[in-house]
Amino acid sequence: MIELQDVTKRYPASGRPALDRISLTVAAGEFAFLIGPSGSGKSTLLRLLLREDVPTSGIIRVDGRDVARLPRRKVPGLRQRIGCVFQDFRLLPKRSVAGNVAFALEVLGRKPAEIRTAVPELLEMVGLQGKAERMPHELSGGEQQRVAIARASVNRPPLLLADEPTGNLDPDTSREIMQVLERINRGGTTVLMATHDDSIVDAMRRRVIELSDGTVLRDESHAVYGAGR
Ligand code: ADP
Ligand code: ADP
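Small disclaimer: the values here were computed from a predicted structure and weren't measured. Think of each chain on its own: its residues are numbered from 1, step by step along the sequence as written. Here every chain gets a letter starting at A, and every ligand a number starting at 1, in the order they are written. In keeping with the predicted nature of the model, local features appear solely for residues at pLDDT of at least 70, side-chain atom pairs appear and are counted solely at 80 or more, and the whole-chain, interface and lining totals rest on all residues. Each side-chain value is derived from all of the structure's non-hydrogen atoms; neither hydrogens nor water enter the calculation.

## A look at the overall build of the protein
Item 1. Per the convention used, a helix needs a DSSP run of H or I reaching at least four residues, while a strand needs a run of E reaching at least two, with both numbered from the N terminus. A tally of helices and strands in the protein yields seven helices and ten strands.
Item 2. Throughout, the radius of gyration refers to the C-alpha atoms, and the reference size of a globule is 2.2 Å times the residue count to the power 0.38. Its C-alpha atoms give the protein a radius of gyration of 18 Å, near enough to 17 Å, the size a compact globule of 229 residues would have.
Item 3. C-alpha atoms of the protein, sized along the principal axes, occupy 50 × 45 × 30 Å.
Item 4. The burial tally for the protein puts 48% of its 229 residues in the buried class.
Item 5. Should any heavy atoms of two residues lie within 4.5 Å, those residues are counted as being in contact. For the protein, contacts bridging at least 24 residues in sequence account for 67% of all contacts bridging at least 6.
Item 6. Per-residue and other accessible areas follow the Shrake-Rupley method at a 1.4 Å probe size, with only the shown protein chains counted as cover for residues. With the model as given, the accessible surface of the protein reaches about 11200 Å², and the carbon-plus-sulfur share is 48%. Classification of residues uses two cut-offs on accessible area relative to the type maximum, computed with a 1.4 Å probe and protein chains only: under 20% is buried, over 50% is exposed, and between them is partly exposed.

So this is what it looks like as structure tokens:
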């Protein structure tokens with residue numbers, strides 16, 4: 001699903017590269033954590049996968065596509081195949097829960113009848129049945145993140161990128177959100193989650209890719225947050 005071959009990203013007017021000859025593969029259906037201190041290159045890697053930026057050298061493939069060489073007109077198609085979830089939820093504040101999810105379907109050009117069936121199914125998948133008409137400001141952080149996950153899942157994306165999705169949530173709520181992400185992963189979606197949340201990583205025992213100064217310091221399956229424990 002994701003393949004990086006010798007990927008280097010150098011920002012203009014900066015010394016050491018943000019990513020320094022990274023090679024790694026994430027297979028379809030995997031769940032992997034991307035960890036590492038601030039400045040280690042996690043966001044840069046996610047931005048390259050989304051073609052928000054291009055590498056200085058090396059090859060990046062997402063779902064078989066050479067992302068850096070993708071013609072501009074094909075970038076929207078790439079992004080439709082990658083669901084994104086963020087720490088700060090990024091909901092549309094003036095649209096209801098259902099409206100937020102429906103909007104993502106509208107953008108994809110889905111027909112109203114299809115949207116009417118899809119929205120309740122998506123809300124049920126994330127445990128928000130009964131909250132369709134609430135506004136984002138009426139929801140807890142965990143509920144807002146559920147809406148964001150439902151919205152990111154409208155296209156049944158083969159890949160879901162989550163950037164610190166539990167960063168604003170308490171430990172219990174974070175565990176609930178991880179259950180939702182696990183459910184999506186069980187449905188076949190590959191999940192790559194950047195996080196600093198050591199207790200979540202330790203509880204999940206999934207693959208851990210640890211970056212340090214733009215290089216892969218550790219890449220282990222069934223791993224914990226801190227090495228050597
Ligand atoms: P992380 O997400 O792990 O905190 P980043 O990918 O944001 O790491 O940053 C990796 C390195 O690249 C850091 O040294 C950071 O300062 C640098 N960097 C990130 N974005 C830019 C940018 N737009 N311009 C210049 N340097 C950047
Ligand atoms: P907003 O005012 O936030 O845009 P609406 O409630 O008007 O949201 O709904 C926007 C779209 O969301 C509707 O066109 C419909 O497709 C869908 N929708 C709204 N409420 C529901 C619901 N309870 N169940 C399923 N879909 C809904």
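## Topic: the UniProt feature "domain: ABC transporter" (unreviewed entry) in the protein
Item 1. UniProt positions are given in the numbering used here, feature names are shortened, and annotations may be inferred rather than shown by experiment. Within this numbering scheme, the UniProt entry marks residues 2-227 as carrying the feature "domain: ABC transporter" (unreviewed entry).
Item 2. In the segment residues 2-227, helix accounts for 33% and strand for 25%; the C-alpha atoms at its two ends are 24 Å apart.

## Looking at the packing of helix 3 (residues 97-107) against helix 5 (residues 141-152)
Item 1. Packing of helix 3 against helix 5 brings their axes to within 8 Å, and their N-to-C directions diverge by 25 degrees. Overall, the two elements helix 3 and helix 5 adopt an arrangement that is roughly parallel. The crossing of helix 3 and helix 5 is right-handed. In this structure, helix 3 uses V97, N100, V101 and A104 to contact helix 5, whose residues at the interface are V147, A150 and R151. For every element, the axis is a line fit to its C-alpha atoms; helices are fit only across the contacting stretch, and the angle between N-to-C directions ranges from 0 to 180 degrees. Here roughly perpendicular refers to angles of 65 to 115 degrees, roughly parallel to angles under 35, roughly antiparallel to angles over 145, and oblique to all remaining angles. Take the far helix as your reference; a near helix turned counterclockwise from it by less than a right angle gives a left-handed crossing, and one turned clockwise gives a right-handed crossing.

## Notes on the packing of aromatic side chains
Item 1. Ring pairs shown here join Phe, Tyr and Trp side chains whose ring centres sit within 6.5 Å, with only the six-membered ring taken for Trp; geometry is labelled stacked below 30 degrees between planes, edge-to-face above 60, and tilted in between. Throughout the structure, instances matching the rule amount to one aromatic pair.
Item 2. A ring has a charge above it when a Lys NZ or an Arg CZ is no more than 6 Å from the ring centre and no more than 35 degrees off the ring normal. Sitting above the plane of the F86 ring, R90 keeps its charged end 3.7 Å from the centroid.

## Section: the site of ligand 1
Item 1. Note on definitions. A residue lies near a molecule or strand when any single heavy atom of the residue is within 4 Å of it. Taken together, the residues surrounding ligand 1 are Y11, A18, P37, S38, G39, S40, G41, K42, S43 and T44.
Item 2. Taking S40, its main chain carries an N or O atom lying 3.2 Å from an oxygen atom of ligand 1.
Item 3. Residue type decides the class: Asp, Glu, Lys and Arg count as charged, Ala, Val, Leu, Ile, Met, Phe, Trp, Tyr, Cys and Pro as nonpolar, and the leftover types, Gly among them, as polar. Partitioned by chemical class, the residues of the shell around ligand 1 number three nonpolar, six polar and one charged. Here a polar contact means two N or O atoms within 3.5 Å. Within protein one must be a hydrogen donor candidate and the other an acceptor candidate, and residues neighboring in sequence count only if both atoms are side-chain atoms.

## Focus on the site of ligand 2
Item 1. Looking at ligand 2, the residues that line it are R95, S96, A98, G99, A102, I115, V119, P120, A132 and E133.
Item 2. R95 is positioned such that a nitrogen or oxygen atom in its side chain is 2.7 Å from an oxygen atom of ligand 2.
Item 3. With respect to ligand 2, the side chain of E133 contributes an N or O atom lying 2.8 Å from a nitrogen atom.
Item 4. Look at ligand 2: alone it shows 540 Å² of surface, and the protein chains cover 60% of it.
Item 5. Elements with a minimum of two residues in the shell around ligand 2: helix 3 and helix 4 (112-125).
Item 6. The residue inventory of the shell around ligand 2, partitioned by class, reads six nonpolar, two polar and two charged.

## Comments concerning the confidence of the model for the protein
Item 1. Confidence of the predictor at the level of single residues is given by pLDDT, which spans 0 to 100. Of the residues in the protein, 99% reach a pLDDT of 70 or more, and the chain-wide mean stands at 96.
Item 2. For this predicted complex, the interface score ipTM comes out at 0.69, alongside a pTM of 0.90.

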